[in-house]
Amino acid sequence: MRRAMPAEAGGPSSDGTKPSRAAPAIRSAPERFFETWLDALGGFVFCVVLPIPIYATGEPFAQGIGATEQTILATAAAYVIVWYCGRRLDAFPRPTLQGNLGYVAPVAVLAYSAIAVILVLMRSDYSRVQLFGSGVLAILWMAFVAQLRGRYLVRNYAVVPATLIAEMPEAKACRWVTYDEVQKMGIRVDAMVADLGPDLTESQASALAGAAIAGVPVLDRRYIVEGLTGRTPLGGLTPNEFGALLPSRQYLVIRRGLEILLTVLMLPILVPILVVLALIVRFDSPGPIFFLQERVGRRGRVFRMIKFRTMRHGAGGPSFTQAVDDRITRVGHILRRFRLDELPQLVNVLRGDMSWVGPRPEALTLDVQYVQDIPHFALRGIVRPGVTGWAQINQGYAHEAEEMRHKLEYDLYYLKHCSLWLDVMIVLRTFAVLLGGAGAR
């Protein structure tokens, strides 16, 4: 039985020989615990505590719970929600302030609005200016911290074997180093990265065991690539991993119940919008209001997807939209930019053809071609297709073969990690995409 190397032992050297026990031990990077709490407490002071003297009429909590105290509690609760969700949303931080604002702003709006609704229902007295002012401060704080973390907080990862470094994704916040560099230079590392399979040599396995004993996390290369890119690479996807793509039945049942309930509750708001948009489409250009197209859904079942018509009636051409497409009507450009042409698909959601979140369904003619040309493309049919999805918010429109491969990798990541939390995150980030009109065609 192979014996694990103790923490003070070294790992594999570049010439493949085992190092002596006198080699320096691999050392873990300082815990990020302090960084996390500094972020949380700093934001709490900035968003909740500092504004108190502006609106407080006396010493808070000195004479029971009044408007000032309720405002403090409300802003504190909202900030905690925004901070927690912001830390989860910021798994893939953007290098620009605008990008990070797009991540956190929808969360803050929903959190502070929900707290305000609760206060109204409870008929509680509070400072509206302070509550929503705190929301603005929370957005700025979370976006600023996310930008700093994405640009300047560099994490070191020791890669075994060294040849894997060429296959690791480029990321400003990650530094890939060889095990030899770690040993010789005494670099503290956040984790060891390796292909955890039967091909590991004895010295490599011993190095990983020594890292684990020293308290250094040992990560599979595919795991960390997924975490950094949001995609499950097609290369190396084996049949024994297909089972991991199947969502639990409990999740599917709960999600289906929630989306039906929420869709029905939103009908009083959505129906008037649909009526107005339908009239605009009808009077903008001759032809039907709706466009029906056969799409491929769950388990390969074909259904008719409903959209507002955005092209001239009877216009020929390819089944996909081109970058510059003169078939699109004047109103169609606006509807496509803000994805308003997709709203009629709430009928498909209620009928069970689609979900609000999932892989985007492809036209029947295109799907047949993609299944033939791209390995594992049919796996997208494991779940219901969605009005929006992980690939849509990260990549946008895709048609070329290489673009569709990347889109499939995003869809496989969603299948592998789908959960109610991921669904909520996709919906929130969809609002940011809609406001910017990014990826529309």
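This text follows the structure it describes.
These lines cover the structure that appears in this document, whether it is placed above or below.

Rules used throughout
Residues numbered from 1 in each chain as written. Predicted model: local features only at pLDDT ≥ 70, side-chain atom pairs only at ≥ 80, totals over all residues. Heavy atoms only, no water. Helix = DSSP H or I, 4+ residues; strand = E, 2+ residues; numbered from the N terminus. Contact = heavy atoms within 4.5 Å. Areas by Shrake-Rupley, 256 points an atom, 1.4 Å probe, with all protein chains shown as cover. Salt bridge = Lys/Arg side-chain N within 4 Å of Asp/Glu carboxyl O. Buried < 20%, exposed > 50% of the residue type's maximum accessible area, 1.4 Å probe, protein only. Pairing = 2+ DSSP bridges. Phe/Tyr/Trp six-rings, centres within 6.5 Å; stacked < 30°, edge-to-face > 60°. Expected span 1.5 Å × (residues − 1). Arc of directions from axis to C-beta.

**As for the overall build of the protein chain**
And then number 1: The helix and strand inventory of the protein chain stands at 15 helices and 10 strands.
And then number 2: Once local pairs closer than 6 in sequence are excluded, the contacts in the protein chain between residues at least 24 apart make up 71%.
And then number 3: When the accessible surface of the protein chain is split by element, carbon and sulfur atoms take 64% of a total near 23,000 Å².

**A look at the pattern of salt bridges**
And then number 1: In total, this model carries 14 salt bridges according to the counting rule given.
And then number 2: Among the ionic pairs, Asp 423 bridges to Arg 255, the shortest N-O distance being 3.5 Å. Here Asp 423 is found in helix H15 (residues 420–436), whereas its partner Arg 255 is found in helix H9 (residues 249–284), with 168 residues between them in sequence. Of the two residues, Asp 423 and Arg 255, both sit in the buried class.
And then number 3: Residue Glu 362 is joined to Lys 407 by a salt bridge in which the shortest nitrogen-to-oxygen separation is 2.9 Å. Remark: Lys 407 occurs in helix H14 (residues 401–417) and Glu 362 occurs in the loop between strand S9 (355–357) and helix H12 (364–373); sequence separation between them is 45 residues.

**Things to note about the environment of Arg 231**
And then number 1: For Arg 231, the location among the structural elements is in the loop between helix H8 (221–229) and H9.
And then number 2: For Arg 231, a relative accessible area of 22% gives the class partly exposed.
And then number 3: Through-space distance from the C-alpha of Arg 231 to that of Lys 416 is 9.9 Å; in sequence the pair is 185 residues apart.
And then number 4: Aside from chain neighbours lying at most four places away, what touches Arg 231 is Val 225, Glu 226, His 406, Glu 409, Tyr 410 and Tyr 413.

**Structural notes on the pairing of strand S3 (residues 174–178)**
On a regular strand, each side chain points to the face opposite its neighbour's, so the side chains alternate between the two faces of the sheet.
And then number 1: S3 sits mainly inside the fold: 4 of its 5 residues count as buried.
And then number 2: Here 5 bridges tie strand S2 (residues 155–160) to S3, and the two strands are oriented parallel to one another. The partner of Arg 155 across the bridge, within S3, is Cys 174.

**Points about the packing of aromatic side chains**
And then number 1: Inspection of the entire model under this criterion finds 6 aromatic pairs.
And then number 2: Geometrically, the ring pair formed by Phe 44 and Tyr 79 is edge-to-face, given 6.1 Å between the ring centres and 70° between the ring planes. Of the two residues, Phe 44 sits in helix H1 (residues 33–49) while Tyr 79 sits in helix H3 (residues 67–89), which places them 35 residues apart along the sequence.
And then number 3: Ring centres of Tyr 370 and Phe 377 lie 5.3 Å apart, and the angle between their planes is 50°; this geometry places the pair in the tilted category.
And then number 4: Phe 377 sits in the buried class, given a relative accessible area of 2%.

**Comments concerning H14**
And then number 1: In this model, H14 (17 residues) spans 24 Å end to end at C-alpha, consistent with the 24 Å of a helix rising 1.5 Å per residue.
And then number 2: Three or more residues of H14 are buried, namely Met 404, Lys 407, Leu 408, Glu 409, Tyr 410, Asp 411, Leu 412, Tyr 413, Tyr 414 and Leu 415.

**Topic: the environment of Thr 310**
And then number 1: Within the element layout of this structure, Thr 310 appears in the loop between strand S8 (302–308) and helix H10 (330–337).
And then number 2: Classification of Thr 310 as buried rests on a relative accessible area of 5%.
And then number 3: For the pair formed by Thr 310 and Phe 291, sequence separation is 19 residues and the distance between their alpha carbons is 8.1 Å.

**Focus: H10**
And then number 1: Residues of H10 that are buried: Val 331, Gly 332, Leu 335 and Arg 336. Along the axis of H10, the buried positions cluster into a sector of 130°, meaning they face one direction only. Exposed side of H10, more than 90 degrees from the buried face: Arg 330 and Ile 334 are the residues found there.
And then number 2: Downstream of H10 by one or two residues, Arg 339 has phi in the positive range, about 60°.

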